[in-house]
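Secondary and tertiary structure notes
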Amino acid sequence: QVQLVESGGGLVQAGGSLRLSCAASGIIFSAIRMRWYRQAPGKQRELVAGITGGGTTNYADSVKGRFTISRDNAKSTVALQMNSLKPEDTAVYYCNAVLERDYWGQGTQVTVSS
């Protein structure tokens, strides 16, 4: 059974930093592409960053240079380091595993105050 559990969200002032973590179980983690998405109120869910099993990364233009995705295959975790946060980064952030279908975590709230 695939399970994704996010942690690390919270309230931070603009310009601050947060680190999100996602712990995966029930999958051969090292072979799986992992992604972080976010969904702000009234908006569609959008891709923030992705990382392949081999460590190749991609980012949304809106977060390039501010966010860094990384993974620890030994611990089956993927992290999102978010720096220079802006109020428009406020959203629920979701961990995603790309298998025969998409698997999602429960989400973690990130709120950036101005």
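Structure report, in brief. (Residues numbered from 1 in each chain as written. Predicted model: local features only at pLDDT ≥ 70, side-chain atom pairs only at ≥ 80, totals over all residues. Heavy atoms only, no water.)

1. Overview of the sheet that holds strand β7 (residues 67-72)
Reading across from one edge, β1-β3-β8-β7 is the order of the 4 strands in this open sheet, with antiparallel pairing throughout. Since the sheet does not close on itself, it has two edges, and those belong to β1 (3-7) and β7, each with one partner. Between one strand axis and the next, the sheet turns by 15° as a mean value, whatever way the strands run. Sheet topology note: the strand β3 (residues 18-25)/strand β8 (residues 77-82) ladder contains 6 bridges and is antiparallel. Paired with Ala23 across the strands is Thr77, a residue of β8. (Pairing = 2+ DSSP bridges. Helix = DSSP H or I, 4+ residues; strand = E, 2+ residues; numbered from the N terminus. Axes fitted to C-alpha atoms, helices over the stretch in contact; angles between N-to-C directions.)

2. Looking at the packing of aromatic side chains
Tallying each qualifying case throughout the model produces 2 aromatic pairs. Seen in terms of ring centroids, Tyr94 and Trp104 are 6.4 Å apart; in terms of plane orientation they differ by 90°. Their pairing is edge-to-face. With Tyr94 in strand β9 (residues 91-98) and Trp104 in strand β10 (residues 102-104), this residue pair connects regions lying 10 residues apart in the sequence. Taking relative accessible area as the criterion, Tyr94 reaches 14% and is therefore assigned buried. Connected via pairs of aromatic rings, a cluster forms that spans Tyr37, Tyr94 and Trp104. A cation over a ring is seen here: Arg45 above Tyr94, with NZ or CZ 3.8 Å from the ring centre. When the ring centre of Phe29 is taken as origin, the NZ or CZ atom of Arg71, which lies over that ring, is 4.4 Å away. (Phe/Tyr/Trp six-rings, centres within 6.5 Å; stacked < 30°, edge-to-face > 60°. Buried < 20%, exposed > 50% of the residue type's maximum accessible area, 1.4 Å probe, protein only. Lys NZ or Arg CZ within 6 Å of the ring centre and 35° of its normal.)

3. Thoughts on unusual backbone geometry
Of note, the phi angle at Ser76 is positive, near 55°, even though the residue is not glycine. The buried category is assigned to Ser76, whose relative accessible area is 18%. With a phi angle near 50°, Ser84 is a residue other than glycine that sits in the positive phi range. Tracing the backbone shows Ser84 in the loop between β8 and β9. A relative accessible area of 39% means that Ser84 is categorised as partly exposed.

4. A word on the pattern of salt bridges
Within this structure, the stated rule accounts for 4 salt bridges. Arg38 serves as the salt-bridge partner of Glu46, at 2.6 Å between the closest nitrogen and oxygen. Judged by relative accessible area, which is 35%, Glu46 ranks as partly exposed. Given the relative accessible area of 6%, Arg38 is considered buried. One salt bridge connects Asp89 with Arg38, and the closest N-O pair in it is separated by 2.9 Å. Here Asp89, found in the loop between β8 and β9, pairs with Arg38, found in strand β4 (residues 33-39); they are 51 residues apart in sequence, far enough to count as distant. What makes Asp89 buried here is its relative accessible area of 1%. (Salt bridge = Lys/Arg side-chain N within 4 Å of Asp/Glu carboxyl O.)

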